[in-house]
Amino acid sequence: MNKDVEFIVENVKAHTEWFRNCLPMIASENLISPVAREMLISDFCDRYAEGHPGKRYYQGCIYVDKVELKCVELAKKLFKCSYADVRPISGTVANIGVFKALAKPGDTVTALNTAEGAHISHAKFGGAGVRGLNVVNYPFDSKNMNIDLDGAVKVIKEIKPRIALFGQSVYLFPTPLKEIADVAHDAGSSVVYDGAHVLGLIAGGKFQDPLREGADVVTASTHKTLPGPQGGIVLSDHKGDTEDDKKFLKRLDSGVFPGVVSNHHLHHMAAKAVAFAEHLEYGKEYADQIIRNAKALGQAMYELGFNVFCEHLGFTESHQIVVGVGDGMGRWAAEALEKADIIVNMNMIPGDTKPLNPSGLRIGVQELTRIGMKEKDMKDVAGLFKKVVIEKIKPENVASEVIELRKDFNKIHYCFKEDEAHKYYSITGL
Ligand code: DSN
């Protein structure tokens, strides 16, 4: 190896060792299972397979096709729908593909503002802008940390957007989708729900079910509460049973390929298939424990004096809680916690205007749940947050307590071969 390669390997190893000993609480991350990880390092990672199984532009796809057909079948089963495209390589790519399918440059999409929880791909400066779309924001109810229902209905009736887009990255409570979808359809809009953060909760039957509540399309990434590989997905329950509906599905299909991917990432596709199969088996139990843990962490931090949002609503119905840490103090808190080996992200909260100097933290418990933590452990975690953020104990001194707590959690749960995670110790953060 030369010096550059040694440098890269050393740093990946150092990162892995760090994450084996820390509390990873970024709400958009998770650990894939041992079998899914094996798929990522398989020969699939070296190959090409544009198009669909049986209609490829390349030879050599005999086994790839079998896996991809299984992946689509599992996705349809898991999400109870008739259409699944497993090729998008990220949630943002899935969104841009759907924007391409359902809107033209110059059209308008309605969505929440990023400062109030929307993903950057919903914004003019992100994916929506890439497709040349104008974005009009729904009003936000910051007391209840949710879309303002009456305000959103008014905006949709007035604007008649090509796409009424929903779903959030700061996402505590289900969107009142049932109440809005009919209005959007009457306005001639397609209803698109970005379920990236809550996909595993939806599949586990513990959050809202957007395809049953009026969404024409669900887009998502596949690696947050759904603990799959980094990647994206497009889902719909449109059946293609009329000529117009057939055209709708054809547009969705070509929005993804050739719209936004040429070769999809076959190793990620195989790992998605494993994650879907495992979630069919364990998803209900996993989603249930995630939400219990998030509520327990909210309660424990609240009792320790933190400004945990939405106490009046039980803090959360998802994997996240949001905590206000004082005007412009989000960066300080996140950096101090990092020094204590507690990994979270600073986040804007309603009223903030500076993304790099916000006043809140977004905290996710899906990965701690994945390594086996339960409600009682959330109390310990809350205590560590208090030491760093409220008592302002030197974070480096708290780190040893984090390592001590983490010591008992070194398995990946809610998947097959959970006892074989040790085989991957050199390449996983476990
Ligand atoms: N920006 C990511 C998040 O953390 O929510 C999702 O892509």
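Our subject is the structure listed above.
Because the structure is predicted, anything quoted here is derived from the model rather than measured.

1. Quick look at the overall build of the protein chain
Helix and strand counts for the protein chain come out as 14 helices and 17 strands. Taking 430 residues into account, the globule formula puts the C-alpha radius of gyration at 22 Å, and the protein chain, at 21 Å, falls close to it. Once the C-alpha set of the protein chain is aligned to its principal axes, its extents read approximately 65 × 55 × 40 Å. For the protein chain, buried positions account for 56% of its 430 residues. When contacts within the protein chain are restricted to residue pairs at least 6 apart in sequence, long-range pairs at least 24 apart make up 74% of them. As displayed, the protein chain offers around 18400 Å² of accessible surface, 53% of which is attributable to carbon and sulfur atoms. Once the 52 positive and 56 negative side-chain charges of the protein chain are each reduced to a mean point, those two points are 3 Å apart.

2. Some remarks on the site of the ligand
Around the ligand, the structure places Ser28, His119, Ser169, His197, Lys224 and Arg362. One of the side-chain N or O atoms of His197 is found 2.7 Å from an oxygen atom in the ligand. Measuring from an oxygen atom of the ligand, one finds a side-chain N or O atom of Arg362 at 2.7 Å. When isolated, the ligand has an accessible area of 240 Å², and the protein chains bury 64% of it. Using a 2 Å cut-off from the grid points, one finds that the ligand occupies the second largest pocket. By residue class, the composition of the shell around the ligand is no nonpolar, 4 polar and 2 charged.

3. Observations concerning empty space enclosed by the protein
Tallied over the full model, the rule gives 4 cavities of 30 Å³ or more. Its volume calculated, the largest cavity comes out at about 50 Å³. Around the largest cavity, the lining residues are Ala111, Leu112, His122, Tyr138, Ile147, Leu165, Phe166, Gly167, Gln168 and Thr175. Taken together, the residues of the lining of the largest cavity sort by class into 6 nonpolar, 4 polar and no charged.

4. With respect to the packing of helix 10 (residues 266-303) against helix 13 (residues 375-390)
Packing of helix 10 against helix 13 leaves a shortest axis separation of 8 Å and a crossing angle of 40°. As judged from the angle between their axes, helix 10 and helix 13 are oblique. Taken as a pair, helix 10 and helix 13 cross one another with a handedness that is right-handed. Here Gln289, Arg292, Asn293, Ala296, Leu297, Ala300 and Met301 of helix 10 lie close against helix 13, whose contacting residues are Glu375, Met378, Lys379, Val381, Ala382 and Phe385. Here the contact of helix 10 with helix 13 is built from residues that sort into 8 nonpolar, 2 polar and 3 charged.

5. Regarding the sheet that holds strand 6 (residues 134-137)
Here we have 7 strands laid out as an open sheet, ordered 4-12-11-10-9-5-6, and mixed in their pairing. Since the sheet does not close on itself, it has two edges, and those belong to strand 4 (83-85) and strand 6, each with one partner. The average undirected angle you get between the axes of adjacent strands in this sheet is 20°. The pairing of strand 11 (residues 217-221) with strand 12 (residues 232-236) spans 4 bridges and is classified as antiparallel. Within strand 12, the residue paired with Ala220 across the bridge is Ile233. Contacting strand 9 (163-166), strand 10 (190-194), strand 11 and strand 12, helix 4 (residues 91-102) runs over the sheet at an angle of about 155° to strand 11. Relative to strand 10, helix 7 (residues 177-186) is tilted by about 145°, and along the sheet it contacts strand 9 and strand 10.

6. Section: the environment of Gly60
Mapped onto the elements of the fold, Gly60 is located in the loop between strand 3 (55-56) and helix 3 (62-79). Judged by its relative accessible area of 68%, Gly60 is exposed. Taking the C-alpha atoms as reference, Gly60 lies 29 Å from Pro227; in sequence the two are 167 residues apart.

7. Here's the deal with the packing of aromatic side chains
A full pass over the atoms with the stated rule returns 10 aromatic pairs. On the basis of an interplanar angle of 65° and a centroid distance of 5.3 Å, the ring pair of Tyr48 and Tyr58 is categorised as edge-to-face. Pair noted here: Tyr48 is in the loop between helix 2 (34-40) and strand 2 (51-52) and Tyr58 is in the loop between strand 3 and helix 3, with a separation of 10 residues, a long-range link. On the basis of relative accessibility, which here comes to 45%, the residue Tyr48 falls in the partly exposed class. The interplanar angle of 85° and the centroid separation of 6.1 Å between the aromatic rings of Phe79 and Phe276 together place this pair among those described as edge-to-face. Here Phe79 is found in helix 3, whereas its partner Phe276 is found in helix 10, with 197 residues between them in sequence.

8. Points about the layout of surface pockets
Put simply, the second largest pocket is a space of about 420 Å³. For the second largest pocket, the lining is made up of 19 residues, of which Thr114, Ala118, Ile120, Asn345 and Asn347 are closest to its centre. The dominant element in the lining of the second largest pocket, judged by the number of residues it contributes, is strand 16 (residues 345-347), at 3 residues. Of the residues in the lining of the second largest pocket, the class split is 9 nonpolar, 8 polar and 2 charged.

9. Topic: the pairing of strand 9
Side chains Ile163 and Leu165 project from strand 9 onto one buried face, and the interleaved Ala164 and Phe166 project onto a second face that is buried too. Of the pairings in the sheet, the one linking strand 5 (residues 108-111) to strand 9 comprises 2 bridges and is parallel in character. Residue pairing in the sheet places Thr110 in a bridge with Ala164 of strand 9. Handedness of the crossover joining strand 9 and strand 10 through helix 7 is recorded here as right-handed.

Thresholds, definitions, all that
Residues numbered from 1 in each chain as written. Predicted model: local features only at pLDDT ≥ 70, side-chain atom pairs only at ≥ 80, totals over all residues. Heavy atoms only, no water. Helix = DSSP H or I, 4+ residues; strand = E, 2+ residues; numbered from the N terminus. Rg over C-alpha atoms; globule rule 2.2 N^0.38 Å. Buried < 20%, exposed > 50% of the residue type's maximum accessible area, 1.4 Å probe, protein only. Contact = heavy atoms within 4.5 Å. Areas by Shrake-Rupley, 256 points an atom, 1.4 Å probe, with all protein chains shown as cover. Lys, Arg positive; Asp, Glu negative; His and termini not counted. Charge placed at Lys NZ, Arg CZ, Asp CG, Glu CD. Near = heavy atom within 4 Å. Polar contact = N/O pair within 3.5 Å; in protein donor to acceptor, adjacent residues only side chain to side chain. 1 Å grid on protein atoms, 1.4 Å probe; cavity = no way out; pocket = protein on both sides within 12 Å on 5 of 7 lines; lining within 4 Å. Sits in = over half its atoms within 2 Å of the grid points. Nonpolar A, V, L, I, M, F, W, Y, C, P; charged D, E, K, R; others polar. Points joined across faces, edges and corners; volume = space filled by probe spheres on them. Axes fitted to C-alpha atoms, helices over the stretch in contact; angles between N-to-C directions. Parallel < 35°, antiparallel > 145°, perpendicular 65-115°, else oblique. Left-handed = near helix turned anticlockwise from the far one by under 90°. Pairing = 2+ DSSP bridges. Phe/Tyr/Trp six-rings, centres within 6.5 Å; stacked < 30°, edge-to-face > 60°. Right-handed = clockwise from strand over helix to strand, strands pointing away.

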